[in-house]
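Summary of the model geometry
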Amino acid sequence: MSQHRLSDILLKAIQGVSPSREETIQLLSLEDPASIQLVMSTAQKVRRQHFGNRLFMYGFIYLSTYCRNHCAFCFYRKTNKQSPRYRKNLAEVEGIACGLADSGVHLIDLTLGEDPLIHDTGNFHILFQMIERVKDETGLPVMISPGVVSEEILQHFAEMKTDWYALYQETHNSVLFKKLRIGQSFEDRNKKRNAARRAGMLVEDGILLGVGETISDRADSIMAMKQNNVDQARAMSLVPQPETPAADMPCPSRMIECLCIAVMRLAMPDRLIPASLDVDGIKGLKMRLEAGANVITSIIPPNNRLAGVSQSVLDIEQGLRTVSEVKKVITAMGLTIAGGNVYESWMAKRKEMTARREHLGSLYPSQTYSPDLHP
Ligand code: MD0
Ligand code: SF4
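Every chain begins its residue count from 1, and numbering advances along the sequence as written. Here the convention is simple: chains get letters from A, ligands get numbers from 1, in the order in which they are written. Predicted model: local features are reported for residues with pLDDT of at least 70 only, side-chain atom pairs are reported and counted for 80 or more only, and whole-chain, interface and lining totals are derived from all residues. With hydrogens and water set aside, each side-chain value is computed from the structure's full complement of heavy atoms.

**Some remarks on the overall build of the protein chain**
Looking only at helices and strands, the protein chain has 15 helices and nine strands in total. Put simply, the radius of gyration uses C-alpha atoms, and a globule should come to 2.2 Å times the residue count raised to 0.38. In terms of overall dimensions, the protein chain is globule-like: its C-alpha atoms have a radius of gyration of 19 Å, near the 21 Å expected for 375 residues. Overall, the C-alpha framework of the protein chain stretches about 60 × 45 × 45 Å when taken along its three principal axes. For every residue, the accessible area obtained with a 1.4 Å probe (protein chains only) is divided by the maximum for its type, and the residue is called buried under 20%, exposed over 50%, and partly exposed between those limits. A burial count over the protein chain gives 57% of its 375 residues as buried. Considering only contacts in the protein chain between residues 6 or more positions apart, those separated by 24 or more positions represent 73%. Values of accessible area rely on a 1.4 Å probe in the Shrake-Rupley scheme; residue burial ignores everything except the protein chains shown. Total accessible area on the protein chain stands at roughly 15,500 Å², and carbon and sulfur atoms take up 53% of it. The charge count treats Lys and Arg as positive and Asp and Glu as negative. His and the chain ends do not count. We put the charge of a Lys on NZ, of an Arg on CZ, of an Asp on CG and of a Glu on CD. Each charge class in the protein chain can be summarised by its mean position, and for the 44 positive and 42 negative side chains these summaries are 2 Å apart. Secondary structure elements are defined from DSSP: runs of H or I of at least 4 residues count as helices, runs of E of at least 2 residues count as strands, and each element is numbered from the N terminus. In what follows, a contact means two residues having at least one pair of non-hydrogen atoms within 4.5 Å.

**Considerations on the side chain of R234**
Position of R234 among the secondary structure elements: in strand β6 (residues 232-237). Whenever a nitrogen or oxygen atom comes within 3.5 Å of another N or O atom, the pair is scored as a polar contact, on the condition that within protein one atom can donate a hydrogen and the other can accept it, and that pairs from neighbouring residues in sequence are kept only if both atoms are in side chains. In terms of polar contacts, R234 uses its side chain to reach the side chain of E204, at 2.7 Å. Other than its neighbours up to four places away in sequence, R234 contacts Y168, E204, D205, G206, I207, M225, M264, P274, S276 and T297.

**Quick notes on the pattern of salt bridges**
Salt bridges, as used here, are contacts in which a Lys or Arg side-chain nitrogen is within 4 Å of a carboxyl oxygen on Asp or Glu. Per the stated rule, a full pass over the model turns up 25 salt bridges. Residue K12 is joined to E23 by a salt bridge in which the shortest nitrogen-to-oxygen separation is 2.8 Å. You can see K12 sitting in helix α1 (residues 3-14) and its partner E23 sitting in helix α2 (residues 21-28), a full 11 residues away along the chain. In this structure E23 comes out as buried when scored by relative accessible area, which is 7%.

**Observations concerning the site of ligand 2**
We call a residue near a molecule or strand when any one of its heavy atoms sits within 4 Å of it. The immediate surroundings of ligand 2 are formed by Y62, C67, N69, C71, F73, C74, R77, G113 and R181. Placement of ligand 2 is best described as lying within the largest cavity. The classification used treats Ala, Val, Leu, Ile, Met, Phe, Trp, Tyr, Cys and Pro as nonpolar, Asp, Glu, Lys and Arg as charged, and all other residues, Gly among them, as polar. Taken together, the residues of the shell around ligand 2 sort by class into five nonpolar, two polar and two charged. Definitions used throughout: a 1 Å grid over protein atoms alone; a cavity as a set of points that fits a 1.4 Å probe which cannot get out; a pocket as an open set with protein on both sides within 12 Å along at least five of seven lines; a lining residue as one with an atom within 4 Å of a point. Assignment to a cavity or pocket requires that more than half of a molecule's atoms be within 2 Å of the site's grid points.

**With respect to unusual backbone geometry**
In this structure, K161 is a non-glycine residue whose phi angle is positive, near 65 degrees. With relative accessibility at 59%, the residue K161 sits in the exposed group. In this structure, N303 takes a positive phi of about 65 degrees despite not being glycine. Inspection of the secondary structure assignment puts N303 in the loop between β8 (295-299) and α14 (323-332).

**Digging into the site of ligand 1**
Ligand 1 sits among 14 residues. The nearest are D109, S145, Y168, S276 and T297. Here a nitrogen atom of ligand 1 sits 3.0 Å away from a polar atom, N or O, in the side chain of D278. Here an oxygen atom of ligand 1 and a side-chain polar atom of T297 are 2.9 Å apart. About the coverage of ligand 1: the protein hides 95% of its 300 Å² of free accessible area. The cavity where ligand 1 resides is the largest cavity. When residues of the shell around ligand 1 are traced back to their parent elements, those giving at least two are β2 (107-112), β3 (142-145), β6 and β8. In terms of residue class, the shell around ligand 1 is made up of six nonpolar, five polar and three charged.

This is how it looks when you write it as structure tokens:
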């Protein structure tokens, strides 16, 4: 793409016109460092327009590492004997959440594999209790990342005022999906995210990079997340895990992830986009923020024997995935941690917008994005 064309796309983005599918593909195809740098600095400008220099922080609790599934990329897939299995009980989750809240996070993310003890035997009351306790004791918003659950369970989460439901598609290409989320339903995953939103929760979707997707798959994912109006959108690089089908895959270049984050920022200027500590630990934070991310996720306190998802141990027990370590990095970049009220009012605004859209949507139903409809 010519320099002139690139400047044109970036200028439009600054003026609030987000890239078309064609332009998204062109941006994602960039390879020379100077052009990528330009996209990233534009993404920072766009982030500043919507969020100033303020960032949000999410505390992360992986409360059960048991799972009934066989995702090709995941260390915690059912048959992996190397993966550390544990379950945290109510008191432990409460203690960890309170510690995270005291350290200054904006939200608590309660994450679990599709633990057979919960998913197969319908013991969801364990999660309900945890959500209630964490909300009561910390006063913070809660995100639940439990995998695919029934609409009734989603309804119950929403009734308990669970703020977020996170469920990542990983890819919006249904053929690739089958190779990644082996034995799972592509449609059901999309459907559940939509159901959670209809029930009144904010939703997060995300993609995995370096798993055999093409550049236009990446563009389709970004278009899909935009069109489906997700409240938070993430891109994370594959970390090849031992004893999994993806063990021998090459590590994708982090430039691809940074470029994706930056293009997502241009496509969804006012949305939350994570810089996850779960891929490269604290040393990977700066570049993701330079790409336009505005939420730091996977803050995990040491001394609790907690695991991360794509990096099961990196930086955790060394105390490097903490608010105080994050603060050092962001302060040096001229960025700051937002006040709790800023986060809560962003959420309230989004919920209101969604409710309005849902109402309009019921009057004028529209199609959800599918790459097949946008050749
Ligand atoms: C993260 N490991 O933020 C977490 C995780 C689940 N909601 C989030 C993928 O990086
Ligand atoms: Fe289970 Fe989630 Fe891992 Fe898939 S990605 S195997 S659902 S923990």
